[in-house]
Each structure stands twice: as C-alpha cells, then as structure tokens.
Amino acid sequence: MSGMLGQIFDRGVLAGLERSVNFTVARHQSLLSNVANADTPGYRRTDMDGTEFRRLLDRSYAADSRHESSAFDRANIGAPRLVSGPRGPFRFSAKGRGPLRHDGNDVSVEREMAQLAENAGQYSAYTALLRKGLRQVRAAITGRPEES
Amino acid sequence: MLGNLEISASGLEANRVWMNTIAENIANASTIEKDGQNVPYRRREPIFSVRQSGNARAVQVKAVVEDPSPFRLEHDPGHPLANDQGKVAYPNVLVIQEMVDMMMANRSYEANVTAMEVTKSMFSSALRILA
C-alpha cells in the first residue's frame, strides 16, 4: 500500500501490532506442535525467539520514522511461509530446549501449556489494541467519535 | 489458523489410538489360548512419529507394533494347556505398566484438548478485530 493509507497501515503502530499478531500466531503453532508431540520419541521442541522478534520490531519502528524499509518489509513478514526457517525474521530458538528424556524428547507439557497461555494472552492483547486502532482510523474517516 | 486445530486433533487421535491399545492389552492380560494351543496374547504398542507439513508438526501413529519381550512362564502342571515341562506361557503384559501408560495418554489427551480451546479463543478474538 502506498500514499496516505500506506502511512497509516504499513508503518507505525498498526503495522507493529499486525507484526506482533503474526508473531504470536507463528509461536502458537510451534507450541501446539510441541504439545501434540509430547510423547513422540526423538522430538525436539521448537519455539520462536521473542527477543529477536522485539529487536526486529524496534528496528522497524526506527526505520519507519526515517521512512526507510525495514527488515520486515524486505522479508515480507505477512507471508506465513517466511515464519519458519532461519532465513525468516521469526527464528526458531534453540534456547528453550529442555532436558532430554530417555526417549530423546524434551517436551514438558506443563511448560508448553504455560507458554501457550502466555502467548494466547499476548495475542488477545494485540488483537484488542488492533481493534482499538482501527476504530480510531474509522473515527477519523467518518468524523464521528468512536463508540466504545 | 485452521491448521492449528488439525495439529491438536492429531494429538487427540494419536492418544486415542494409544488408549485403545492399552485397553486391548489390559483386556487380554490373561489371554493364553488360540485354537486349543497355548498361544498367549502379545502386548502391542503404537509408534508415534512426526508428520510435518510446512511449519506445522503434527503427530501420527506410524504403526501399532507387537512387543517382542518374552512371555511370562508359570509352573502349573495341572493346567490343560501346560507343556511337557508343566509350564504355561502368559502374555507379556504388565497391568501396572499399562495403567501408568494410560495415565500418560490421558494427560496428553487433555493437554491437546486445552490447546484446542486456546486456539478457539484466539479465533474469536481475531473475529472481534472487525466487530
């Protein structure tokens, strides 16, 4: 998107929220896979690196303010296929690996469920903020104050 | 996002197959006869493996295989199925082990149900963006 609408939707807060929503969805899928494979021999858990994501997000805000394209634009963050793999901005993290069980699996269901809940909470916060932001845009367009 | 429900569904399915196998094992824990011979029931267990499609890594039951561990031999010369040494072979099923496995399968099943509910709540908050 370009022009004035692009300024609203592709940069700044709304774009940041959209990226955050995409990140939590990708992480949700990782955690779901871990839960489903809790008893699969040899399965190693995967997770998304939140620290790395926040670093990229900060950089994208800085790039937005300078009107430059950020790592997100270059990587086309909206495309789910780039969510995986080491080349995409959402990197699978090896940091969260747990102790290996005798069957070569390192999933702890308790920890996965806790992180699933945490991640879903973040998702609902981001979507609520996104909803609020879009209402503000609508209020600006229609000239009517937004209904709560 | 629909794929997410499928991941959890695969977990439910795999654990249900495991639960069925455990039920078979327990039900046949004393089955020792087939066609008039002393052929004990052999314990079976499912093999779980990863089914990857894109980023999603679901679980699947690759096969249900027989446990090759030896049968339990009991000395019972009066038994109609006893062999020349007076021994009767019993299934290689340990009921306590099956009970422990059953608790594990149950726990994993419930974890997948909860994960599915979390996904559903994310669906509805996504729909509220436009409300």
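Definitions and cut-offs
Residues numbered from 1 in each chain as written. Chains lettered and ligands numbered in written order. Predicted model: local features only at pLDDT ≥ 70, side-chain atom pairs only at ≥ 80, totals over all residues. Heavy atoms only, no water. Helix = DSSP H or I, 4+ residues; strand = E, 2+ residues; numbered from the N terminus. Contact = heavy atoms within 4.5 Å. Rg over C-alpha atoms; globule rule 2.2 N^0.38 Å. Areas by Shrake-Rupley, 256 points an atom, 1.4 Å probe, with all protein chains shown as cover. Pairing = 2+ DSSP bridges. Phe/Tyr/Trp six-rings, centres within 6.5 Å; stacked < 30°, edge-to-face > 60°. Buried < 20%, exposed > 50% of the residue type's maximum accessible area, 1.4 Å probe, protein only. pLDDT = per-residue confidence, 0-100. Expected span 1.5 Å × (residues − 1). Core = buried A, V, L, I, M, F, W, Y, C linked by side-chain atoms within 4.5 Å. Buried area = accessible area lost by both parts, 1.4 Å probe. Salt bridge = Lys/Arg side-chain N within 4 Å of Asp/Glu carboxyl O. Axes fitted to C-alpha atoms, helices over the stretch in contact; angles between N-to-C directions. Parallel < 35°, antiparallel > 145°, perpendicular 65-115°, else oblique. Left-handed = near helix turned anticlockwise from the far one by under 90°. Nonpolar A, V, L, I, M, F, W, Y, C, P; charged D, E, K, R; others polar.

For the rest of this paragraph, the subject is the overall build of chain A. The number of helices and strands found in chain A is five helices and zero strands. In chain A, the succession of α and β elements from N to C terminus is α-α-α-α-α. Once local pairs closer than 6 in sequence are excluded, the contacts in chain A between residues at least 24 apart make up 67%.

Here we come to the overall build of chain B. Helix and strand counts for chain B stand at two helices and six strands. Starting at the N terminus, the α and β elements of chain B follow one another as α-β-β-β-β-β-β-α. Here the C-alpha atoms of chain B give a radius of gyration of 21 Å, more than 25% beyond the 14 Å that 2.2 N^0.38 yields for 131 residues. Viewed in the frame of its principal axes, chain B has a C-alpha envelope of about 80 × 25 × 20 Å. Excluding contacts between residues fewer than 6 apart, the proportion of contacts in chain B whose partners are at least 24 apart in sequence is 57%. Total accessible area on chain B is roughly 7,500 Å²; 57% of this is exposed by carbon and sulfur atoms.

You can see R11(A) is positioned in the loop between α1 (3-9) and α2 (12-36). Separated by 32 residues in sequence, R11(A) and Y43(A) have C-alpha atoms that sit 39 Å apart.

Even without a glycine there, the phi angle at D35(B) is positive, about 55 degrees. Counting through the fold element by element, D35(B) comes out in the loop between β1 (33-34) and β2 (37-38).

The next thing to look at is the pairing of strand β3 (residues 44-53) of chain B. Taken residue by residue, a regular strand's side chains alternate between the two faces of the sheet. Residue and element names in this part refer to chain B. Two strands pair when backbone bridges link them, and β3 and strand β4 (residues 56-66) are joined in this way by 10 bridges, in the antiparallel orientation. Paired with F48 across the two strands is V61, which belongs to β4. Remark: two residues form the turn of the hairpin made by β3 and β4, two consecutive strands paired antiparallel; G54 in that turn has positive phi of roughly 65 degrees.

For the coordinates displayed, the defined rule picks out two aromatic pairs over all chains. The interplanar angle of 10 degrees and the centroid separation of 4.2 Å between the aromatic rings of F23(A) and F53(A) together place this pair among those described as stacked. Of this pair, F23(A) sits in helix α2 while F53(A) sits in helix α3 (residues 50-65), and the two are 30 residues apart along the sequence. Accessibility expressed as a relative area gives 4% for F53(A), which makes it buried. Ring geometry for W18(B) against F48(B): centres 5.8 Å apart, planes inclined by 80 degrees, an arrangement best described as edge-to-face.

Before going further, it helps to examine the confidence of the model for chain A. All names here are of chain A. Averaged over all residues, the pLDDT of chain A equals 77, while 71% of them reach at least 70. Mean pLDDT across the elements of chain A bottoms out in helix α4 (residues 71-75) (55) and peaks in helix α5 (residues 109-142) (92). In this model, residues 76-89 is a region of pLDDT below 50 whose contacts with residues beyond four sequence positions or in other chains number 26 contacts.

Moving on, we get to α2(A). Here α2(A) is 25 residues long and its end C-alpha atoms lie 36 Å apart, about the 36 Å a rise of 1.5 Å per residue gives. By the criterion of burial, α2(A) is predominantly enclosed, with 20 of the 25 residues buried.

Moving on to the nonpolar core. Membership of the largest hydrophobic core comes to 30 residues, with the highest contact counts inside it found for M113(A), L116(A) and L130(A). For this core, the secondary structure elements donating two or more residues are α2 and α5 of chain A together with α1 (2-27), β4 and α2 (95-128) of chain B. Not counting chain neighbours up to four residues away, the residues in contact with L130(A) comprise L14(A), L17(A), E18(A), V21(A) and I129(B).

Below, the discussion takes up the interface of chain B and chain A. Of the residues lining the interface, 32 residues belong to chain B; the matching set on chain A comes to 31 residues. Roughly 2,500 Å² of surface becomes buried between chain B and chain A when both sides are summed, with 60% attributable to carbon and sulfur atoms. In terms of surface lost to chain A, no three residues of chain B exceed N55(B), R57(B) and I129(B), which account for 27% of the buried area on that side. Where chain B touches chain A, the interface holds one salt bridge. Note that R107(B) is salt-bridged to E110(A), the shortest N-O span being 2.7 Å.

All names here are of chain A. The interhelical angle for the contact between α2 and α5, taken along N-to-C directions, is 155 degrees, at an axis separation of 9 Å. Between α2 and α5, the interaxial angle falls into the category roughly antiparallel. Here α2 runs over α5; the crossing is left-handed. Looking at the contact of α2 with α5 residue by residue, the classes come out as 15 nonpolar, nine polar and three charged.

All names here are of chain B. Summed over the entire model, instances satisfying the criterion amount to 12 salt bridges over all chains. The salt bridge partner of E74 is R72, with a shortest N-O separation of 2.6 Å. Salt bridges linked by common partners bring R43, E45, D67, E98 and D101 together as one network.

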